[in-house]
Amino acid sequence: LRQGAATDAAIAQHSPSGQVPVLKVGDLTIWDSLAICEYLAETFPEAKLWPEDPILRALGRSAAAEMHGGFQALRGECPMALETRATMEVSEAVGKNVRTIVERWNQLLARSGGPFLLGEWSIADAFYAPVATRFRTYGIRLSEYGDAGAAQAYAERLLATPEFLEWERQALA
């Protein structure tokens, strides 16, 4: 979260865009989360950050890009706040975003067989973990947006991974 001019200046020392995340490797600076993920997937193919199946990989890239550039109402009205638990009445625009996300998750889970969007955990899941935190933070019940249970179970799986739990622990420390 941005906390004023001092934080902005500190970030600007490392990021040409003035935003985070940024990855620095030697004299290389990558300042976009999707570009960072693609760089890591190409540099460390053994990590299998994308599935080998080209169709699932294409669908996953589409879903990650959709998250990366979309869902502005959800982002604006429901900012990430890991320490908060509240219920709120969502706007029509946020409701539309949530319905789209539920639909996307259900489509991908049905195609891949789960337990994550593309079967095994992937970059697509990394892009949707912040969404799952927003649903938890603001008490958004996915069943109210067309979910029969698979999307909610997926959100809960994302938030129960050891990697997420460690990140959350560090973020709240």
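It should be emphasised that the depicted structure is a prediction, and the values quoted were computed from it without experimental measurement.

> Just give me the short version of the overall build of the protein chain, but keep the residues and values in it.
Along the backbone of the protein chain there are eight helices and two strands. Radius of gyration (C-alpha) of the protein chain: 17 Å, near the 16 Å computed for a compact globule of 173 residues. The principal-axis extent of the C-alpha atoms belonging to the protein chain is close to 50 × 40 × 30 Å. Burial statistics for the protein chain: of 173 residues in total, 39% are counted as buried. The contacts in the protein chain between residues at least 6 apart in sequence include a share of 62% that link residues at least 24 apart. As displayed, the protein chain has an accessible area near 9,800 Å², and 56% of this comes from carbon and sulfur atoms.

> Talk me through the environment of valine 94; I want residue IDs and the actual numbers.
As for its position among the elements, valine 94 is in helix α5 (residues 92-112). Between the alpha carbons of valine 94 and glycine 76 there is a distance of 9.1 Å; along the sequence they are 18 residues apart. Apart from residues no more than four positions distant in its own chain, valine 94 is found in contact with Ala73, Leu74, Glu77 and Cys78.

> I'd like a description of the packing of aromatic side chains, backed by residues and values.
For the structure on display, the rule yields four aromatic pairs. Judged by centre distance (5.9 Å) and plane angle (85°), the ring pair of tryptophan 105 and tyrosine 128 falls under edge-to-face. Separated by 23 residues along the polypeptide, tryptophan 105 in helix α5 and tyrosine 128 in helix α6 (residues 123-137) bring together distant segments of the chain. Assessed through its relative accessible area of 0%, tyrosine 128 is described here as buried. Each ring, one from tryptophan 105 and one from tyrosine 154, has its centre 4.8 Å from the other, and the planes form 75°; the classification is edge-to-face. You can see tryptophan 105 sitting in helix α5 and its partner tyrosine 154 sitting in helix α7 (residues 150-158), a full 49 residues away along the chain. Summarising the burial analysis for this pair, tryptophan 105 and tyrosine 154 share the class buried.

> Tell me about the side chain of asparagine 97, residues and numbers included.
Mapped onto the elements of the fold, asparagine 97 is located in helix α5. Here asparagine 97 falls in the buried class, since its relative accessible area comes to 12%. At 3.3 Å, the side chain of asparagine 97 forms a polar contact with the backbone nitrogen of alanine 73. Those residues in contact with asparagine 97, other than ones at most four positions away along the chain, are Phe71, Gln72, Ala73 and Leu74.

> If you had to explain unusual backbone geometry to someone new, which residues and values would you point to?
Peptide bonds are, in most cases, trans, and in most cases residues other than glycine have a negative phi. Of the consecutive residues glycine 114 and proline 115, the connecting peptide bond is found in the cis state with omega at 10°. With respect to the secondary-structure elements, proline 115 resides in the loop between α5 and α6. With a phi angle near 50°, lysine 48 is a residue other than glycine that sits in the positive phi range. You can see lysine 48 is positioned in the loop between α2 (33-43) and α3 (54-69). Backbone geometry at phenylalanine 71 places phi at a positive 55°, although glycine is not the residue there. Topologically, phenylalanine 71 is positioned in the loop between α3 and α4 (72-77). The exposure class of phenylalanine 71 is buried, given its relative accessible area of 8%.

> Break down the layout of surface pockets for me, citing the residues and quoting the values.
In this structure, the largest pocket occupies an estimated 1,700 Å³ of space. For the largest pocket, the lining is made up of 40 residues, of which Val20, Pro21, Ser33, Met80 and Pro130 are closest to its centre. Listing elements by their share of the lining of the largest pocket, those giving two or more residues are α1 (5-12), α2, α3, α6 and α8 (162-172). The greatest single-element share of the lining of the largest pocket, amounting to eight residues, is contributed by α6. Of the residues assigned to the lining of the largest pocket, the class counts are 25 nonpolar, eight polar and seven charged. Considered as a void within the structure, the second largest pocket measures approximately 180 Å³ in volume. Together, Glu38, Ala41, Glu42, Phe44, Pro45, Lys48, Leu49, Trp50, Pro51, Glu52, Arg57 and Arg61 line the second largest pocket. Those elements that provide at least two residues to the lining of the second largest pocket are α2 and α3. Of all the elements, α2 adds the most residues to the lining of the second largest pocket, at three residues. Tallied by class, residues from the lining of the second largest pocket come to six nonpolar, no polar and six charged.

Conventions used here
Residues numbered from 1 in each chain as written. Predicted model: local features only at pLDDT ≥ 70, side-chain atom pairs only at ≥ 80, totals over all residues. Heavy atoms only, no water. Helix = DSSP H or I, 4+ residues; strand = E, 2+ residues; numbered from the N terminus. Rg over C-alpha atoms; globule rule 2.2 N^0.38 Å. Buried < 20%, exposed > 50% of the residue type's maximum accessible area, 1.4 Å probe, protein only. Contact = heavy atoms within 4.5 Å. Areas by Shrake-Rupley, 256 points an atom, 1.4 Å probe, with all protein chains shown as cover. Phe/Tyr/Trp six-rings, centres within 6.5 Å; stacked < 30°, edge-to-face > 60°. Polar contact = N/O pair within 3.5 Å; in protein donor to acceptor, adjacent residues only side chain to side chain. 1 Å grid on protein atoms, 1.4 Å probe; cavity = no way out; pocket = protein on both sides within 12 Å on 5 of 7 lines; lining within 4 Å. Points joined across faces, edges and corners; volume = space filled by probe spheres on them. Nonpolar A, V, L, I, M, F, W, Y, C, P; charged D, E, K, R; others polar.

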